[in-house]
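So the chains spell out like this:
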Amino acid sequence: MNSEAVEQDGAAGIAADIRGFVRANMTALTTAELRDEDNIFEKGFVTSIFAMQLLVFIESTFDVTVPDDHITLRNFSSVELMTGMVAKLKAATG
Amino acid sequence: MTETVDAARTATMAKCVVWDLDDTLWDGTLSSGDVVVLKPGVRELIAELDSRGILLSVASKNNHDDAMRKLEEFGLAEYFLYPQINWNSKSSAIAEIQRRLNIGMDTIMFIDDRAFERDEVVFAHPQVQTVDAADYLGLGSLPRLSPEVVTEDARRRRHMYLEDQRRTESELAHDGPRAEFLATLGMVFAISRAKDDDLLRLEELTKRTNQLNSTGITYSHEQLERLAHDPGHDLWVCELTDRYGSYGKIGMALVRREPESWTIKLLLMSCRTVSMGVGTVLLSFLIKRAAEDGVRLFADFRRTDRNRQMLLTYQLANFHVASSDGDDLRYENDLTVRQDYPDYIEVEIGE
């Protein structure tokens, strides 16, 4: 899913995919604006089920495994930081 | 005080028995035009398993409407959740039932008269225990299907799943953001101190809950009774209710209180409430309370192959690993981040 876009656009493509997912699935955000640097935890209540969906989305879309110690409030707090984490994990696995 | 914790893993209790129909539940083959007859004692067996809180379902290769009509005639249709009656493989039927009920594959048993079907299921799902239909009368005495205690929640279990089914149907029919749908449920999440008549249910929760469980450590009724009355511990129990009914007592938290610090020894939530996000609510409650009391907040966590979601719930609630020993983690929360409860859940705190 979207793997071609990711390869073409790199980080921009990753950010677009994550932004689209957060916007579509995060309950408090359906109408609010979302910038890549916004802290989604401050924008609205992040439920454990949303966070799990987000993790599964990231792993299946970008074909990475997020290790336990990467699952932190900081890494998941914004589209920008999630994009950085994915890019780093992809680089590490080649 | 020292806790003697029953760390010994009890063999996993089964949660669901999936039945074949032809020559298993009844004698004869419906689609061949046979006059089918219930196997002797099967009706009593079904009612008995249901009363123990064991869920029942069907995986049968048959015409769906004909088989359902026959189950109705026998007065058994209401016992079976998400019956899979079609011409697909039994392994795909089991996968669908497992997904709908959201229970572990290793808690499912499958009974069929044909060795081929049993083998096909085990090939795809090695964790499923299969039973030859010839042995059906022995099901009632299998330890995996004989819980030591049957709680009120267990007796109502099938009805609670039926309520879930109606919720899911109205959710699918609802056109709009999920938050709006959740708001229509009128959810009330009640957190209160465990009372003596909650303890059997809490013991059961420690044994049945795998996914949303911070340690997987089980506690006996006696241990819970002692902890509930110990001033050095808080034992919290949670009940979730909405307009479709009560989910029952679906969560618990055990907190050890010391003068300067609290440790969450166990936090768990029934897997039936996974999609409601209530695990985060209970954790938020404990974080708020610890901050109000001015104590440091720690949590014990034991990583299993099943509880990644609980790990995520903790770590995204800003718990950091303070120390670790293999799969055993000790978290600390610096209490700098406090999240409010979501708008769609009313939280009631009872002391």
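In this text, all values refer to a predicted model and were calculated from it rather than measured experimentally. (Residues numbered from 1 in each chain as written. Chains lettered and ligands numbered in written order. Predicted model: local features only at pLDDT ≥ 70, side-chain atom pairs only at ≥ 80, totals over all residues.)

Here we look at the sheet that holds strand β9 (residues 233-242) of chain B
Residues and elements named next belong to chain B.
- Taking strand neighbours across the sheet as the criterion, the eight strands line up as β13-β14-β12-β11-β10-β9-β8-β15 in an open arrangement whose pairing is mixed. A single partner strand is all that each edge strand has here, and the edge strands are β13 (319-325) and β15 (345-350). Within the sheet, the average angular offset between the axes of one strand and its neighbour, ignoring direction, is 25°.
- Note: strand β10 (residues 245-257) against strand β11 (residues 261-269), seven bridges, orientation antiparallel. Following the sheet pairing, M252 is matched in β11 by L268.
- Packed onto the sheet, helix α11 (residues 308-315) meets β12 (296-302), β13 and β14 (328-333) and runs at close to 165° relative to β12. (Pairing = 2+ DSSP bridges. Helix = DSSP H or I, 4+ residues; strand = E, 2+ residues; numbered from the N terminus. Axes fitted to C-alpha atoms, helices over the stretch in contact; angles between N-to-C directions. Contact = placed C-beta atoms within 7 Å.)

Things to note about helix α8 (residues 199-208) of chain B
Residues and elements named next belong to chain B.
- Of all the 10 residues making up α8, eight are buried; the element is thus mostly covered by neighbouring parts of the structure.
- Residues of α8 that are buried: L199, R201, L202, E203, E204, L205, T206 and R208.
- For α8, the elements touching its buried residues are α5 (152-155), α9 (221-229), β9, β10 and β11. (Buried ≥ 20, exposed ≤ 12 C-beta atoms within 10 Å, placed from the backbone.)

Remarks on the pairing of strand β7 (residues 129-132) of chain B
Residues and elements named next belong to chain B.
- Relative to β7, strand β6 (residues 108-112) runs parallel, the two sharing four bridges. Across the sheet, I111 pairs through a bridge with V131, a residue of β7.
- Assessed by its sense of winding, the connection that carries the chain from β6 through helix α4 (residues 115-124) to β7 is right-handed. (Right-handed = clockwise from strand over helix to strand, strands pointing away.)

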